[in-house]
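Each chain, letter by letter, is given below.
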Amino acid sequence: MLVLGIETSCDETAAAVVSDRAPRIHANLVLSQLAEHRPYGGVVPEIAARAHLDHLDGLIARALDEAGIGVDALDAVAATGGPGLIGGVIVGVMAAKAMALARGVPFIAVNHLEGHALTVRLEHDVPFPFLLLLVSGGHCQLLVAEGIGRYRRLGTTIDDAAGEAFDKGAKLLGLGFPGGPAIERAAREGNPAHFDLPRPMIGRAGADFSFSGLKTALAQRVAALGSPEPADTADLAAALQEAIGDCLIDRTRHALGMCKSVRHLVAAGGVAANLRLRARLEALAAESELTFVAPSPKLCTDNGAMIGWAGIERLREGLIDGLDFAPRPRWPLDPKAPRAAGAGVKA
Ligand code: KG4
Ligand code: ZN
């Protein structure tokens with residue numbers, strides 16, 4: 001089975017050809033729009049949508065070329081159907097629908113979050129159920145993955161996502177965008193104990209997160225220093241990475257207590273590329289005699305292979321979509337989940 005996966009929900013235009021047999025990834029091309037957005041210090045939705053429109057066709061052609069196949073070899077076309085910046089999602093969904101219609105193969109609308117959730121099964125044999133820490137630029141959730149399309153949310157953020165905390169921290173420290181990799185790099189030279197930062201929500205019941213207080217505290221430390229020396233910047237980056245990590249570990253530990261039946265702890269999403277966090281999650285899993293698994297770092301950040309793979313998993317269960325599927329700006333994995341205790345909840 002060969003599936004084309006298209007990802008356009010944020011600032012990466014991505015296309016991949018994925019198979020259900022080894023080697024599973026035949027092509028996986030990601031075109032970053034970083035340069036277009038950098039002058040604005042964040043992703044500008046209108047610029048993102050236009051850039052997807054400009055680049056997607058060519059990228060799909062290159063992915064097919066690299067995979068050494070023609071469009072007629074595809075068994076299905078999968079695209080991110082949401083959640084995300086709606087202009088970009090529309091571009092990807094329309095391209096996928098047109099190809100599926102022209103070739104007479106199924107179209108599959110993939111929930112971007114399910115794409116992240118299932119990536120681990122592209123590389124490893126991880127059975128359901130597993131506890132999933134989903135940490136990206138737009139989302140920060142703990143879920144029990146019970147099966148394809150079946151997720152039970154145990155916790156979510158009441159304000160910022162973990163990736164946002166890295167990105168806003170990096171901006172405050174003048175380290176550029178995206179912040180996660182920049183903070184991880186700077187933190188290698190820093191002492192995490194030199195500056196004291198808060199750990200919001202730690203010790204509280206449940207598995208919800210909060211990061212906005214951490215950003216405010218960091219802003220105050222930076223302001224107090226005036227213009228931080230490189231050594232201060234490294235120490236602050238290390239302190240931020242450690243504080244975010246402490247929050248993620250504490251909340252994940254609570255979630256493990258809420259779902260005693262799982263044998264695997266999985267991390268996914270861009271922040272799961274962080275090597276310090278991966279080591280800490282591995283240690284946490286070992287405490288409970290669980291297995292920790294995460295996708296390779298380059299499959300943690302947005303890519304087309306994760307969408308193609310989720311397409312394969314859905315296709316195997318006969319979960320295909322009609323050409324009347326409407327792109328969704330919001331699309332929670334667990335629609336029945338209660339709102340977290342706090343305002344501005346991200347679903
Ligand atoms: O999953 P992703 O590529 O896009 C979304 O779906 O949001 O996640 C992007 C987020 C950004 O906030 C970025 O700063 C963060 O993941 N990130 C990292 C690392 N690599 C990417 N955060 C911490 N450490 C990293 N190495
Ligand atoms: Zn993502």
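This one's a predicted model, so the numbers in the text were calculated from it and none came from an experiment. Here, residues in each chain are numbered from 1, in the same order as that chain's written sequence. Lettering for chains starts from A, numbering for ligands starts from 1, and both go in the order in which the items are written. Where totals are concerned, whole chains, interfaces and linings use all residues; where local detail is concerned, this predicted model gives features only for residues with pLDDT of at least 70, and gives and counts side-chain atom pairs only at 80 or more. As a convention, hydrogens and water are excluded, and side-chain values are obtained from all of the structure's heavy atoms.

K.L.:
I would appreciate a short explanation of the packing of aromatic side chains in the present structure.
P.N.:
Here the distance between the centres and the angle between the planes together describe a pair of aromatic rings. Under the pairing criterion, centres of Phe, Tyr and Trp rings, with the six-membered ring standing for Trp, must be within 6.5 Å; the plane angle then separates stacked pairs below 30 degrees from edge-to-face pairs above 60, leaving the rest tilted. For the structure shown, the criterion picks out 4 aromatic pairs. In textbook terms, an aromatic cluster arises when at least three aromatic residues are bridged by ring pairs, as seen for Phe107, Phe325 and Trp331.

K.L.:
Help me out: how do you make sense of the environment of Glu7 in this one?
P.N.:
The topology assignment puts Glu7 in strand β1 (residues 2-7). Burial status follows relative accessibility: with a 1.4 Å probe on protein chains alone, a residue under 20% of its type maximum counts as buried, one over 50% as exposed, and anything between as partly exposed. Take Glu7: its relative accessible area is 0%, and that puts it in the buried class. In sequence terms Glu7 and Leu118 are 111 residues apart; their C-alpha atoms lie 15 Å from each other. If we ignore the near neighbours within four places in the chain, the residues touching Glu7 are Glu12, Thr13, Ala14, Thr80, His112, Asp302, Asn303, Gly304 and Ile307. Helix and strand definitions follow DSSP, with helices as H or I runs of at least four residues and strands as E runs of at least two, each counted in order from the N terminus. Residues count as neighbours in contact if any of their non-hydrogen atoms are within 4.5 Å of one another.

K.L.:
Would you take a moment to explain the domain arrangement of the chain for this structure?
P.N.:
Often, the extent of an interface is quoted as the loss of accessible area upon association of its parts. In this entry, domain limits derive from an automatic or database-based domain assignment. According to the domain assignment, the chain contains domain 1 (2-118 + 299-316) and domain 2 (128-297). For domain 1 and domain 2, the distance between their C-alpha centroids amounts to 27 Å. The term buried area means the drop in 1.4 Å probe accessible area that two parts suffer when joined, counted for both and summed. A per-residue breakdown of the area domain 1 buries against domain 2 is headed by Leu113, Ala117 and Cys300, which together make up 35% of the total. Each salt bridge in this description consists of a side-chain nitrogen of Lys or Arg and a carboxyl oxygen of Asp or Glu lying within 4 Å of one another. Applying the counting rule to domain 1 against domain 2 returns 0 salt bridges. Here a polar contact means two N or O atoms within 3.5 Å. Within protein one must be a hydrogen donor candidate and the other an acceptor candidate, and residues neighboring in sequence count only if both atoms are side-chain atoms. Along the contact surface separating domain 1 from domain 2 lie 7 residue pairs in polar contact (both at pLDDT 80 or more).

K.L.:
Explain the sheet that holds strand β6 (residues 130-135) to me, please; I cannot follow it from the model alone.
P.N.:
Paired through their backbone hydrogen bonds, the strands of a sheet run either parallel or antiparallel. Pairing between strands is defined by DSSP: at least two bridges between the two strands are required. If you trace the 5 strands from one edge of the open sheet to the other, you get β8-β7-β6-β9-β10, paired in mixed fashion. Every interior strand has two partners, whereas the edge strands, β8 (150-156) and β10 (291-293), have only one. For this sheet the average axis-to-axis angle between neighbouring strands, irrespective of direction, equals 25°. Both β6 and strand β7 (residues 140-147) contribute to a ladder of 6 bridges, which runs antiparallel. Bridge pairing in β7 links Leu131 to Val144. For helices, the fitted axis covers only the stretch in contact; all axes are lines through C-alpha atoms, and the angles between them, taken along N-to-C directions, range from 0 to 180 degrees.

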